[in-house]
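Report on the structure
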Amino acid sequence: MITRKDFPEAFLFGAATSAYQIEGHGFGGAGPTIWDTFAAQPGRVVNGETGAIACDHYHRYEADLDLLKGLDAYRFSTSWARVMPDGRTVNQAGLDYYDRLVDATLARGLKPFLTLYHWDMPAALGALGGWENRDVARWFGDYTDAVMDRIGDRMASTATINEPWCVSWLSHFLGHHAPGKQDITAGARAVHHVLLAHGEAMERLRARGQKNLGIVLNFEASQPATPQDTPAIARFDAIMNRMFIEPLTKGRYPELVLEGLDAHLPENWQDDMARISAPLDWLGVNYYTRQTITEAPGPWPRYTMRKTDAPKTQMGWDIYPEGLGETLKMLRQDYTADLPLFVTENGMAWDDSPQDGVIDDPARSDYLFSHLAQIQSAIAGGANIQGYFYWSLLDNFEWAFGYEKRFGMIHVDFETQERTPKNSFHAFKSWLSA
Ligand code: IFM
């Protein structure tokens, strides 16, 4: 078993959360988000649940951050709709809250890793077309400035957007997340505008002299269901794993993406590529699982997922730690070379319930340490990986799955808001201090 000492001394260990999933969006003058609109539509979110109360972190952040003592860093997000309830006007109470949160983070010796967008677009901007509207880049730039005016002086690191693939493809083409569209043109426009908004925010952040700027992308390993499915794998890999990193680092979309999206991208998209590919200081890598892919009839992209009998999490996701090693290798070879990487999310949902006040979750400890071993071995092979954040600190609002799926290292009883650290959290903390 690897130890803390097998990692470079400066390597950071932390935990991650996002605003809408934990804060309690009903408090502090936050405005409705596209997730509130989405959850109000029957069948979109399990039980129609929302982030209105979530973990009530808005009132409990001091005690929650106490739990993190002994770790090095805390990855959190600011909520666009809390800071700008109608998408334009600044809510000072929202900024006051983040001011307090950042001070409380620093007071516990934790480095603040900010993500500016983790999916809570103000509903008012969603109504104007959201990510399909090119103006979103300017709206996001204005929001970026409002946040940084208040807390930019204390950030160890800032990411523009969390998981552009989910913000665009999962939400506008696959329809699983807000706004729930299933439309290839909406998907293509959202893909491009998310990148453009990132480019705009990077310019604003650079102009302010902010340091340590990046973006967080999600990646999945893959295997073909049969040898005949290799072409489908290439299309899956292009859309899932290369559709954002290639524009960001090389200023172009992968050929296999253009094969399906060229006709649907906004006019003159090529003119934006220089802004989109401005240099990053680091890349965030979110990794959870592997997919088994097979060819499918019908329109592009003509692939689908196959179920396997591999061990699974509560989400039904295959547990495949080697995929993290494969992803880190692919990134270094094909795109990022020596750019610093952070594993900004990795973790598993499990059907945890306290037994006499104890939550024994050995599967989560195994998941954690087997993924850390992949990172350690990548570093030993020369990869420049500088930190790891477990997803998530707390059980929380798991988007379309509501509160049913528990990713936390800390159990949350959503009736009483009682927190109970799970055994995996105790194991992580003692591993860190050994
Ligand atoms: O909960 C999400 C998070 O918001 C983004 N990345 C994946 C997590 C688990 O699904």
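For the structure given in this document, a descriptive report is provided here. Just so it is clear, the structure is predicted and the values come from calculations on it, not from any experiment.

1. Some points on the pattern of salt bridges
This model, assessed by the stated rule, comprises 34 salt bridges. Ionic pairing is found between Arg154 and Asp103, a salt bridge with its closest N-O pair at 2.8 Å. In this pair, Arg154 is assigned in the loop between helix 7 (136–151) and strand 4 (157–162) and Asp103 in helix 5 (residues 92–107), connecting sequence segments 51 residues apart. Linking Arg208 and Asp145 is a salt bridge whose minimum nitrogen-to-oxygen distance equals 3.0 Å. In this pair, Arg208 is assigned in the loop between helix 9 (184–207) and strand 5 (213–224) and Asp145 in helix 7, connecting sequence segments 63 residues apart.

2. Quick look at the packing of helix 8 (residues 164–172) against helix 9
Between helix 8 and helix 9, the least distance of the axes is 8 Å, while the angle of their chain directions is 165°. Comparing the axis directions of helix 8 and helix 9 gives the class roughly antiparallel. The crossing of helix 8 and helix 9 is right-handed. Across the interface between the two elements, Pro164, Val167, Ser168, Trp169 and His172 of helix 8 pack against Ala186, Gly187, Ala188, Ala190, Val191 and Val194 of helix 9. Its residues assigned to classes, the contact of helix 8 with helix 9 shows 8 nonpolar, 3 polar and no charged.

3. What about empty space enclosed by the protein?
Evaluated as defined, the whole model comprises 4 cavities of 30 Å³ or more. Reported here for the largest cavity is a volume of approximately 60 Å³. Surrounding the largest cavity, Ile34, Trp35, Tyr117, Trp119, Trp131, Cys166, Val167, Ser171, His172, His177 and Ala178 form its lining. Sorting the residues of the lining of the largest cavity by element identifies helix 2 (34–39) and helix 8 as the ones contributing at least two each. It is helix 8 that contributes the most residues to the lining of the largest cavity, 4 residues altogether. Looking at the lining of the largest cavity residue by residue, the class counts come to 8 nonpolar, 3 polar and no charged.

4. Overview of the environment of Leu248
Tracing the backbone shows Leu248 in helix 11 (residues 245–250). In contact with Leu248, not counting residues within four places along its chain, are Leu195, His198, Ile215, Leu217, Ile276, Ser277 and Ala278.

5. Focus on the layout of surface pockets
Estimated volume of the second largest pocket: approximately 190 Å³. Lining of the second largest pocket is provided by 15 residues; of these, Ile34, Gly126, Ala127, Gly129 and Pro179 occupy positions nearest its centre. Taken together, the elements giving at least two residues each to the lining of the second largest pocket come down to helix 2 and helix 6 (123–126). A total of 3 residues in the lining of the second largest pocket trace back to one element, the largest contributor, which is helix 2. When the residues that make up the lining of the second largest pocket are grouped by side-chain class, the tally is 7 nonpolar, 6 polar and 2 charged.

6. Some details on the nonpolar core
Ranked by internal contacts, the top residues of the largest apolar core, which has 143 residues, are Trp35, Trp80, Tyr117, Trp131, Leu372, Ile375 and Ile385. Of the residues forming this core, the biggest block, 9 residues, is contributed by helix 9. The contact partners of Trp131, leaving out residues within four places of it in the chain, are Trp80, Tyr117, Met121, Val136, Ile161, Val167, His172, Arg189, Ala190, His193, Val194 and Ala197.

7. Re the side chain of Asn241
Relative to the helices and strands, Asn241 resides in helix 10 (residues 230–242). In terms of polar contacts, Asn241 uses its side chain to reach the backbone carbonyl oxygen of Glu220, at 2.9 Å. A distance of 2.7 Å separates polar atoms of two side chains, one belonging to Asn241 and the other to Asp237. Not counting residues up to four positions away in its chain, the partners in contact with Asn241 are Asn218, Phe219, Glu220, Phe236 and Met330.

8. So, the packing of helix 5 against helix 7
Two numbers describe how helix 5 lies on helix 7: the axes approach to 9 Å, and their chain directions differ by 45°. One way to sum up the angle between helix 5 and helix 7 is to call them oblique. Helix 7 is crossed by helix 5, and the crossing has right-handed handedness. On helix 7, the residues touching Gln92, Leu95, Asp96, Tyr98, Asp99 and Val102 of helix 5 are Ala146, Val147, Arg150 and Ile151. Looking at the contact of helix 5 with helix 7, its residues break down into 6 nonpolar, 1 polar and 3 charged.

9. Section: helix 15 (residues 362–380)
In this model, helix 15 (19 residues) spans 27 Å end to end at C-alpha, consistent with the 27 Å of a helix rising 1.5 Å per residue. All of the buried residues along helix 15 are Arg364, Ser365, Tyr367, Leu368, Phe369, His371, Leu372, Gln374, Ile375, Gln376, Ala378 and Ile379. In this fold, the buried residues of helix 15 make contact with strand 1 (12–16), strand 6 (282–295), helix 14 (322–336), strand 8 (341–345), strand 9 (385–391) and helix 16 (423–433). Backbone geometry just after helix 15 places Gly382 at a positive phi near 105°.

10. Things to note about unusual backbone geometry
Most peptide bonds adopt trans geometry, and most residues besides glycine take a negative phi value. In this structure, Pro179 follows Ala178 across a cis peptide bond, with omega equal to 10°. Inspection of the secondary structure assignment puts Pro179 in the loop between helix 8 and helix 9. Residues Trp300 and Pro301 are joined by a peptide bond in cis, for which omega reads 10°. As for its placement among the helices and strands, Pro301 is situated in the loop between strand 6 and strand 7 (303–306). In this structure, Asn268 is a non-glycine residue whose phi angle is positive, near 55°.

Thresholds, definitions, all that
Residues numbered from 1 in each chain as written. Predicted model: local features only at pLDDT ≥ 70, side-chain atom pairs only at ≥ 80, totals over all residues. Heavy atoms only, no water. Salt bridge = Lys/Arg side-chain N within 4 Å of Asp/Glu carboxyl O. Helix = DSSP H or I, 4+ residues; strand = E, 2+ residues; numbered from the N terminus. Axes fitted to C-alpha atoms, helices over the stretch in contact; angles between N-to-C directions. Parallel < 35°, antiparallel > 145°, perpendicular 65-115°, else oblique. Left-handed = near helix turned anticlockwise from the far one by under 90°. Contact = heavy atoms within 4.5 Å. Nonpolar A, V, L, I, M, F, W, Y, C, P; charged D, E, K, R; others polar. 1 Å grid on protein atoms, 1.4 Å probe; cavity = no way out; pocket = protein on both sides within 12 Å on 5 of 7 lines; lining within 4 Å. Points joined across faces, edges and corners; volume = space filled by probe spheres on them. Core = buried A, V, L, I, M, F, W, Y, C linked by side-chain atoms within 4.5 Å. Buried < 20%, exposed > 50% of the residue type's maximum accessible area, 1.4 Å probe, protein only. Polar contact = N/O pair within 3.5 Å; in protein donor to acceptor, adjacent residues only side chain to side chain. Expected span 1.5 Å × (residues − 1).

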